[in-house]
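The lines below spell out each chain.
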Amino acid sequence: MARSSSGIVAGLTVAALAVVGFLGYQASATAPAHPPKAAAQSPVPSPSDSGPAKTDPAKPATLPAGSGTGTRVVYSLGAKRVWLVGPTGKPKSFAVVPSTVNPALGSYTVGGRTGAVTGSDGVPIEHVVRFASPQGVTVGFSARVDNTLPAPDPAKKTGGVRMLRADGDAMWAFATIGSKVVVVP
């Protein structure tokens, strides 16, 4: 009897360690990133039509009319900009680099999040917040780990709406599963 009891205890111990290891992995995959380190490349993209929109920091970008009400993420395709609108109604806004495949105008819900992964363009990304799937391509907000914002290859169908890491941290904290995303012109 002692032999079978120690075998059961050993089996339970191994199972418990496996569960703890799996939960630790899940927690590390969705944990916020450490403070960004200096990037090897400049985080400021070169000027181009597909880069983030330039705005005067002294004049914050105005939240687009017709973008809904309540707590939400507003993504303007034309302005290449995102607003995180909380309960106070005072939004945080930042520039983004659009993907090559855009969602239709309208309202969406955040359906998935991933802490860190390799993007469809082959680069390491973090804080992926997915909300649409036009043309069979998953569209979501994310930040490149190298903190750069190059324009996507127009020959590839990609869905990553990219932002700087600090903005990705803000998006990750704000847009949880079920959060509203409004796409405007």
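Predicted, not measured: the structure shown is a model, and the values here were computed from it.

Engineer: Before we go on, may I ask you to explain the packing of aromatic side chains in this structure?
Structural biologist: Two aromatic rings, taken as a pair, are described by how far apart their centres are and by the angle between their planes. Tallied over the entire structure, the rule returns three aromatic pairs. For the ring pair Tyr 108 and Phe 131, a centre distance of 5.8 Å and an interplane angle of 70° mean the geometry is edge-to-face. With Tyr 108 in strand E4 (residues 106-109) and Phe 131 in strand E6 (residues 124-132), this residue pair connects regions lying 23 residues apart in the sequence. Ring centres of Phe 131 and Phe 141 lie 4.9 Å apart, and the angle between their planes is 20°; on these two criteria the pair is classed as stacked.

Engineer: I tried to follow the side chain of His 127 on my own but got confused; where do I start?
Structural biologist: With respect to the secondary-structure elements, His 127 resides in strand E6. A distance of 3.1 Å separates polar atoms of two side chains, one belonging to His 127 and the other to Asp 169.

Engineer: Just to check I follow, could you spell out the pairing of strand E1 (residues 72-76) for this structure?
Structural biologist: Two faces, one strand: in a regular strand the side chains alternate between the faces of the sheet. With five of five residues buried, E1 lies mostly within the body of the structure. Residues Arg 72, Val 74 and Ser 76 line one face of E1 and the alternating positions Val 73 and Tyr 75 line the opposite face, and both faces are buried. When E1 meets strand E2 (residues 81-85), the two strands line up antiparallel, connected through five bridges. Note on E2: the bridge partner recorded for Val 74 is Trp 83. The turn linking E1 back onto E2 is made up of four residues, and Lys 80 within it adopts a positive phi angle of 55°.

Engineer: What exactly am I supposed to notice about the layout of surface pockets here?
Structural biologist: Space left empty within the atom packing is revealed by a probe, the size of a water molecule, rolled over the atoms. Of the voids in this model, the largest pocket is the one considered here, and its volume is about 210 Å³. Of all elements in the fold, only strand E5 (112-118), E6, strand E7 (139-144) and strand E8 (160-163) reach the threshold of two or more residues within the lining of the largest pocket. Here the lining of the largest pocket is built from residues that sort into five nonpolar, nine polar and three charged.

Reading the values: rules and limits
Residues numbered from 1 in each chain as written. Predicted model: local features only at pLDDT ≥ 70, side-chain atom pairs only at ≥ 80, totals over all residues. Heavy atoms only, no water. Phe/Tyr/Trp six-rings, centres within 6.5 Å; stacked < 30°, edge-to-face > 60°. Helix = DSSP H or I, 4+ residues; strand = E, 2+ residues; numbered from the N terminus. Polar contact = N/O pair within 3.5 Å; in protein donor to acceptor, adjacent residues only side chain to side chain. Buried < 20%, exposed > 50% of the residue type's maximum accessible area, 1.4 Å probe, protein only. Pairing = 2+ DSSP bridges. 1 Å grid on protein atoms, 1.4 Å probe; cavity = no way out; pocket = protein on both sides within 12 Å on 5 of 7 lines; lining within 4 Å. Points joined across faces, edges and corners; volume = space filled by probe spheres on them. Nonpolar A, V, L, I, M, F, W, Y, C, P; charged D, E, K, R; others polar.

The values reported here are purely geometric and, on their own, carry no functional implication.
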